[in-house]
Amino acid sequence: MSSDATTAVPTVTVTVTDVPGPLGPLGQEPAAHGLGTSLPQAESRVKTEGTFPYASDLWAEGLLWAAILRSPHPHARIVSVDTSAAVAMPGVRAVVTAADVPGAATYGRRVADRPVFASDLVRHHGEALAAVAADHPDTARLAAAAIAVEYEVLEPVTDPEKAFAAEPLHPDGNLIRHIPLRFGDPEATGEVVVEGLYRIGRQDPAPIGAEAGLAVPRPDGGVELYTASTDPHTDRDLAAACFGLPPEQVKLVVTGVPGATGDREDPGFQIPLGLLALRTGCPVKLTATREESFLGHAHRHPTLLRYRHHADAEGRLVKVEAQILLDGGAYADSSSESLAAAVAFACGPYVVPHAFVEGWAVRTNNPPSGHVRGEGAMQVCAAYEAQMDKLAAKLGVDPAELRMRNVMATGDILPTGQTVTCPAPVAELLAAVRDFPLPPLPKDTPEGEWLLPGGPEGAGEPGAVRRGVGYALGMVHMLGAEGTDEVSTATVRVADGVATVICSAVDTGSGFSTLARQVVQETLGIEEVHVAPVDTDQPPAGPAAHGRHTWVSGGAVERAAKMVRTQLLQPLAHKFGMSTELLQITDGKITSYDGVLSTTVTEALDGKELWATAQCRPHPTEPLDDAGQGDAFVGLAFCAIRAVVDVDVELGAVRVVEMAVAQDVGRILNPAQLAVRIEAGVTQGVGAALTENLRTARGLVRHPDFTGYALPTSLDAPDIRIVKLVEERDVVAPFGAKAASAVPVVTSPAAVAAAVRAATGRPVNRLPIRPQAAVAAAQG
């Protein structure tokens, strides 16, 4: 049995107040369909019953099983690779190495610098060297282990600060990107100055569902890949290039996605599968072990941050100076984009007249880093909010009040020189969490002991517990940045009274499939709406990140549905001598403004088949220039969180009692799903604050499993109080809605750290917060 079967799934108590619309329990009968209602997800029942087909459930006639040989060293020269013992094993059908890659030897979603199989150098622990296909999974694993590799072990570069002077680890060098941001007067100073050094650990996406895939050869010499990809067209193109095939001979079919908080499937799983299928002429399946997932896919960038904040005597910010160093691991991946977000948001959602930030992303021999929800923004949020707490303490000002004196609003200017044109109700958000009633103190009785840090029977004396309250404000960008061409295509087809949406936007748990149904239901008045399975025969919709499918793909669905609506209404409008704008569709009925026309959508369709295809492309952005200036972002989203924690100062245990959340959402499209997205984001942030850190020792991943990597459990998850959702619509966004899940991930670790600082009276400069640090802080 895989480790997934025994992994505890975090559960959270969610209380939602001040939220308009029908937001009841998820099992409650939904209100009328359309935007603004809590329409349940179509797959909810089959997922909860365990009958939903994930990639690990796939099967094909004549199936072979794959296994990948991975390096036990973080840095080594490959002297020789001998596959003869593996090839000779009964049941082994193929062994492939770097010499067997017919096309491009390297790949990468952003930078093609990662080899399919290492051929000369191993650059990180767990890097792939070869893959085996056999008639049984155990045979495949034994054959992979039988491959003899002779290494010349090299000294790994694991300290990102030493990467600048180290010998190049890659032909492209060790520096991935440098961004010097210059904004304002470098000579400006404040009356009060605080400094800090901060470290953020390596958080893993930790998908509960196994990473798996199936490759099936095609009669035309191509191959079909079945995986839980979050960006199918990009993955298809990368694989095709490595296979030496044109993209039209490679098809990627998206299987059930268990959920994604980053790049769900590393192409490093998919490409070896396709190579083995092409070599053997048989379907080949790979289900990664938990260890392989930890070693293979990308993680959140470990980050080192140095800050100096200048403020006047009243606590108003004058200048922020910062140095930000991202550890990109062995390959570039999304480090450039993550660094841009970190540098641009280094000052947070505050008005800062002068800012000077140096940002670097470097290669090391540590595990690869990449896209994880809120990348770049989460790391700097923890640092700049710690700085705000230091300023408040030095000035003797309440931390919430100090923040209120500096908050950003619409019309202010980011340190990148970009004007904030979208709604930015930061002051309103902060006031909401500040004024929300605090939770009661824990009971000093045996029956209430479970409320104390450490869980049942895990806490010390109640007298050793200190309560702390902390605040944090966070921000993220929506969609791609720095000139990324964001576009999505969707088709809406109506036949026999049923609507079908065809769009290659992958629903990773974001609720896009439900949103698409709601849009079509509201626009066309058709109750039964299906969303077609995703594959690369459909036009591209781009990656599932930064809320882009709600904005770009949802916008494409809306435009296509409106085009079908026009086709539906035009004959009626022509017959009655009026324009289609004078007709409305409500609850499946078509009526005119004057009541003369009244019919049903079914009668108007009269057996006709209607369809339309549309695209949505937001306004363009531009790359940051040599001074870190430019209109790099399409839109921004904001969040305020107040954390309440209890800290056992003898044991160092921390219990997050409550997280009060106020968020800028633009428009509530599905109240229940929105609450779940915020809940999940906060819980992921609590994990980053307290438990989640993929530890390494000289580049070697220690305990790559769920015993060594601790996800929050139900005992760790706090009560989450969504105290305010601000619905100030972003006029440039379809529906006016904003990204929902990334900004609570960004904000909650900083809030927890602030609360622990308040409880212990000492700085908390590292995430996750270690128990020994809490004890030392309290006793120091």
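Above this note sits the structure.
Structure report, in brief. (Residues numbered from 1 in each chain as written. Predicted model: local features only at pLDDT ≥ 70, side-chain atom pairs only at ≥ 80, totals over all residues. Heavy atoms only, no water.)

1. Points about the packing of helix α11 (residues 512-524) against helix α12 (residues 548-575)
- Viewed as axis vectors pointing N to C, α11 and α12 meet at an angle of 25 degrees, and their least axial separation amounts to 9 Å. In terms of their interaxial angle, α11 and α12 are classed as roughly parallel. The chirality of how α11 crosses α12 is right-handed. Residues Phe512, Leu515, Ala516, Val519, Val520, Thr523 and Leu524 of α11 pack against His549, Thr550, Ser553, Gly554, Val557, Glu558, Ala561, Lys562, Val564 and Arg565 of α12.
- Grouping the constituent residues of the contact of α11 with α12 by class yields 9 nonpolar, 5 polar and 3 charged. (Axes fitted to C-alpha atoms, helices over the stretch in contact; angles between N-to-C directions. Helix = DSSP H or I, 4+ residues; strand = E, 2+ residues; numbered from the N terminus. Parallel < 35°, antiparallel > 145°, perpendicular 65-115°, else oblique. Left-handed = near helix turned anticlockwise from the far one by under 90°. Contact = heavy atoms within 4.5 Å. Nonpolar A, V, L, I, M, F, W, Y, C, P; charged D, E, K, R; others polar.)

2. Points about the sheet that holds strand β13 (residues 223-227)
- Taken in spatial order, the 7 strands of this open sheet run β4-β8-β2-β15-β12-β13-β14, and their pairing is mixed. Bordering the open sheet on either side are β4 (92-96) and β14 (250-254), each of which pairs with just one other strand. When strand polarity is set aside, the average angle formed by the axes of neighbouring strands in this sheet is 20 degrees.
- Bridge analysis of strand β2 (residues 64-70) against strand β8 (residues 128-134) gives 6 bridges, and the strand direction is antiparallel. The residue of β8 that forms the bridge with Ala67 is Val132.
- Against the sheet, helix α3 (residues 137-146) makes contact with β2, β4 and β8, and its axis sits at roughly 25 degrees relative to β2, the strand it touches most.
- Sitting on the sheet, helix α4 (residues 232-243) touches β13 and β14, and the angle it makes with β14 is about 145 degrees. (Pairing = 2+ DSSP bridges.)

3. Describing the sheet that holds strand β26 (residues 610-616)
- Taken in spatial order, the 4 strands make up an open sheet running β22-β21-β20-β26, and their pairing is mixed. At either end of the open sheet lies a strand with only one pairing partner, and these are β22 (529-531) and β26. Neighbour-to-neighbour, the strand axes of the sheet open up by a mean angle of 20 degrees, direction not taken into account.
- Its contacts with the sheet place α12 against β20 (488-495), β21 (498-502) and β26, and it is angled at close to 145 degrees to β26.

4. Here we look at the side chain of Glu692
- Relative to the helices and strands, Glu692 resides in the loop between α14 (671-690) and β29 (696-697).
- A distance of 2.6 Å separates the side chain of Glu692 from the side chain of Tyr709, its partner in a polar contact.
- Filtering out sequence-adjacent residues up to four positions away, Glu692 remains in contact with Arg202, Gln203, Asp204, Gln684, Gly687, Tyr709, Ala710, Leu711, Pro712 and Pro768. (Polar contact = N/O pair within 3.5 Å; in protein donor to acceptor, adjacent residues only side chain to side chain.)

5. Comments concerning unusual backbone geometry
- A cis amide bond, omega 0 degrees, links Leu767 with the succeeding residue Pro768.
- Mapping Pro768 onto the fold places it in the loop between β32 (766-767) and α16 (771-779).
- Here the phi dihedral of Asp587 falls at roughly 50 degrees; this positive angle occurs in a residue that is not glycine.
- Positionally, Asp587 belongs in the loop between β23 (583-586) and β24 (589-592).
- Phi is positive for Arg698, close to 55 degrees, though the residue is something other than glycine.
- By the secondary structure assignment, Arg698 is in the loop between β29 and β30 (700-701).

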